[in-house]
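Fold and contact review
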Amino acid sequence: FFLQVLLFWGQEPNYDESKVPSFILPDPLIMENGEIVTTKEEWIEKRRPEILNLFETYVYGKSPEKPANLHFEVLSEDHYALSNMATRKEIAVYFTESDEHYMTILMYIPNKRNGAVPLFFGLNFKGNHTIYDDPDITESVTRMEPRDGGSEIRPNAFKRGEASSRWPVEMLIANGYGLATVYRGDIDPDYDDGFQNGVHPLFYKDGQTKPKADEWGTLAAWAWGLSCAMDYFETDEDIDASKVAVFGHSRHGKTALWTGAIDQRFAMAISNDSGCGGAALSRRKYGETVSKINKLFPHWFCENFKQYSDNEDKLPVDQHQLIALMAPRPVYIASAIEDRWADPKGEFLSGVFATPVYELFGQDGLPIKDMPDVDSPVIDGYIGYHVRTGDHDINLYDWQQFVKFADKYLKK
Ligand code: GCU
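The notes below deal with the structure included here.

**A look at the overall build of the protein**
The helix and strand inventory of the protein stands at 10 helices and 11 strands. Taking the principal axes of the C-alpha coordinates as reference, the protein spans close to 55 × 50 × 45 Å. A burial count over the protein gives 59% of its 412 residues as buried. Taking the intrachain contacts of the protein between residues at least 6 apart in sequence as the baseline, contacts between residues at least 24 apart amount to 69%. Within the structure as shown, the protein displays about 16,600 Å² of accessible surface, and the carbon and sulfur contribution to it stands at 50%. Of the side-chain charges in the protein, 42 are positive and 64 negative, and the distance between the mean point of each set is 2 Å.

Structure (structure tokens):
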């Protein structure tokens, strides 16, 4: 069995800093034709679209235009949720003109508010009903999502509130923020099914049966779904759509960064332990690598990304440029020191190497060059960072830092 695991993974992950290869990162400020970007206008008009296109073509895949007939329906609304502290709403976002395919946004909005509120928004892993022990949340019951080695279980196999340690609903409400979430399986179930049962088939051209090599994988589909939700937020007068932070843990952290990249209406992005394909630099090959992620999760990225397995130096981009696509908007990167699989140092360095782009805007990116001590958050610049004690997870400590960071930019 052990041998099989080794074969499957290719090789043991590298956790030895001295074995990190030397590498040259693509410079965010040098155009593909060699021209140097020196102004924010050049960044906005030329270099940013160029980098975005490289990520679309070779990493996440291009997503279709959002349908013109995207429509919304408020499914439930309760002004007395959370012991009268919050209003809970559930909204269906229909992906096509029919009412067949939709995702359900669950949201809590503080009742104590002066006008529209800023919002934290992100995907959940196991269903809307798992984020908080509230009997009135509609259970997510979408398509099959096999997990843990292929056993098939539905989101309604998960208990109400079982993920609540990751979702400090009361704390966010008390701090004046709304919170909204979507079960990712509503957009595309997280397994390799040849792209048959998520949103992908809704957008196939005649005769098409799977995405082309440069078209959306699952992470891009999730990001596309979050961007559809933004269309709804713009119609909801309880929400200040110009102050929405998209966040995510792990695979959803990768998604949050890509969402902020493709949709600049999001005012902030927060990546928690997002690792490979998220905030971590691919060229470090520390912990999870491009080859490992492509083997373990062949559906996450576009088909073109597979050519960079064990071939990271040929990647036309690296993940610091994904952070740079947030500029001049604030972005927060969070790591956990024991989460070596996600390469905390590689996540930190992405912030360092994205900083020159923020400087074009006259802003501080990440104002330090060496990793801070554990549990010493750096939240002075437009790129925030912390590495906390502990392992792969998102917990109250992480959230307390996100709120401090968001207070600076979303409470103005
Ligand atoms: C796996 C995967 C990571 C991912 C993580 C998660 O560990 O290899 O890339 O971030 O799952 O989503 O929890």
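**Observations concerning the packing of aromatic side chains**
One pass over the structure, following the stated rule, counts 27 aromatic pairs. Consider the rings of Tyr-382 and Tyr-409, whose centres lie 4.7 Å apart with planes at 45 degrees: the pair is tilted. Within this pair, whereas Tyr-382 is found in the loop between helix H9 (344-360) and strand E11 (383-388), its partner Tyr-409 is found in helix H10 (residues 396-410), the two being separated by 27 residues in sequence. Each ring, one from Trp-399 and one from Phe-402, has its centre 5.6 Å from the other, and the planes form 75 degrees; the classification is edge-to-face. Here Phe-402 and Trp-399 lie together in helix H10, a separation of three residues that amounts to about one turn. What links up through ring pairs into an aromatic cluster is the set Phe-120, Trp-167, Tyr-177, Phe-247, Tyr-332, Tyr-382, Trp-399, Phe-402, Phe-405 and Tyr-409. Over the ring of Phe-125 we find Arg-166, and its NZ or CZ is 5.5 Å from the ring centre. Taking NZ or CZ as reference, Arg-340 lies 4.0 Å from the ring centre of Tyr-15, over its face.

**What to know about the pattern of salt bridges**
Per the stated rule, a full pass over the model turns up 30 salt bridges. The partner of Asp-313 in a salt bridge is Arg-283, and the shortest N-O contact between them spans 3.9 Å. Of this pair, Asp-313 sits in the loop between helix H7 (290-296) and helix H8 (319-324) while Arg-283 sits in the loop between strand E9 (268-272) and H7; the two residues are 30 residues apart in sequence, bridging distant segments of the chain. By relative accessible area, which is 49% here, Asp-313 ends up partly exposed. On the basis of relative accessible area, Arg-283 is assigned to the buried category, the value being 2%. Look at the salt bridges and you will find they share partners, linking Lys-66, Asp-231, Glu-234, Asp-263 and Arg-265 into a network.

**A closer look at the packing of helix H5 (residues 218-233) against helix H6 (residues 251-262)**
Here H5 crosses H6 at 60 degrees, and the two axes come no closer than 8 Å. By the angle between their axes, H5 is oblique relative to H6. Like other packed secondary-structure pairs, H5 and H6 cross with a definite hand, here right-handed. The segment H5 lies against H6, with Leu-219, Ala-220, Trp-222, Ala-223, Trp-224, Leu-226 and Ser-227 engaging Arg-251, His-252, Lys-254, Thr-255, Trp-258, Thr-259 and Ile-262. Here the residues of the contact of H5 with H6 are counted per class, giving eight nonpolar, four polar and two charged.

**A look at unusual backbone geometry**
Along the chain, Ala-327 connects to Pro-328 via a cis peptide bond; the corresponding omega equals 0 degrees. Looking at where Pro-328 falls in the secondary structure, it is placed in the loop between H8 and strand E10 (331-336). Notably, Ser-83 is not glycine yet its phi reads approximately 50 degrees, a positive angle. Note that Ser-83 resides in helix H3 (residues 81-84). Not every positive phi belongs to a glycine, and Phe-195 is a case in point at roughly 60 degrees. You can see Phe-195 is positioned in the loop between strand E7 (178-183) and H5.

**Some remarks on the site of the ligand**
Residues in contact with the ligand, as listed here, are Ser-250, Arg-251, Lys-254, Glu-288, Ile-293, Phe-297, Trp-300, Trp-341 and His-392. In the environment of the ligand, an oxygen atom lies 2.8 Å from a nitrogen or oxygen atom belonging to the side chain of Lys-254. The contact in question runs from an oxygen atom of the ligand to an N or O atom on the side chain of Trp-341, over 2.9 Å. Burial of the ligand by the protein amounts to 85% of the accessible area it has alone, namely 320 Å². Among the residues making up the shell around the ligand, the classes are represented as four nonpolar, two polar and three charged.

**Re the pairing of E11**
Within E11, six of the six residues are buried, leaving the element largely enclosed by the surrounding structure. Pairing analysis gives six bridges linking E10 to E11, with the strands arranged parallel. By the bridge assignment, Ala-336 is partnered in E11 with Arg-388. Between the parallel elements E10 and E11, the chain passes through H9 in a crossover that is right-handed.

**Thoughts on the sheet that holds strand E1 (residues 71-80)**
Taken in spatial order, the nine strands make up an open sheet running E1-E2-E3-E7-E4-E8-E9-E10-E11, and their pairing is mixed. Looking at the sheet topology across the chains shown, the edges are occupied by E1 and E11. Taken over all neighbouring pairs, the strand axes of this sheet differ in orientation by 15 degrees on average, direction set aside. Packing of H9 onto the sheet brings it into contact with E10 and E11, and relative to E11 it is tilted by some 165 degrees.

Rules behind the numbers
Residues numbered from 1 in each chain as written. Predicted model: local features only at pLDDT ≥ 70, side-chain atom pairs only at ≥ 80, totals over all residues. Heavy atoms only, no water. Helix = DSSP H or I, 4+ residues; strand = E, 2+ residues; numbered from the N terminus. Buried < 20%, exposed > 50% of the residue type's maximum accessible area, 1.4 Å probe, protein only. Contact = heavy atoms within 4.5 Å. Areas by Shrake-Rupley, 256 points an atom, 1.4 Å probe, with all protein chains shown as cover. Lys, Arg positive; Asp, Glu negative; His and termini not counted. Charge placed at Lys NZ, Arg CZ, Asp CG, Glu CD. Phe/Tyr/Trp six-rings, centres within 6.5 Å; stacked < 30°, edge-to-face > 60°. Lys NZ or Arg CZ within 6 Å of the ring centre and 35° of its normal. Salt bridge = Lys/Arg side-chain N within 4 Å of Asp/Glu carboxyl O. Axes fitted to C-alpha atoms, helices over the stretch in contact; angles between N-to-C directions. Parallel < 35°, antiparallel > 145°, perpendicular 65-115°, else oblique. Left-handed = near helix turned anticlockwise from the far one by under 90°. Nonpolar A, V, L, I, M, F, W, Y, C, P; charged D, E, K, R; others polar. Near = heavy atom within 4 Å. Polar contact = N/O pair within 3.5 Å; in protein donor to acceptor, adjacent residues only side chain to side chain. Pairing = 2+ DSSP bridges. Right-handed = clockwise from strand over helix to strand, strands pointing away.

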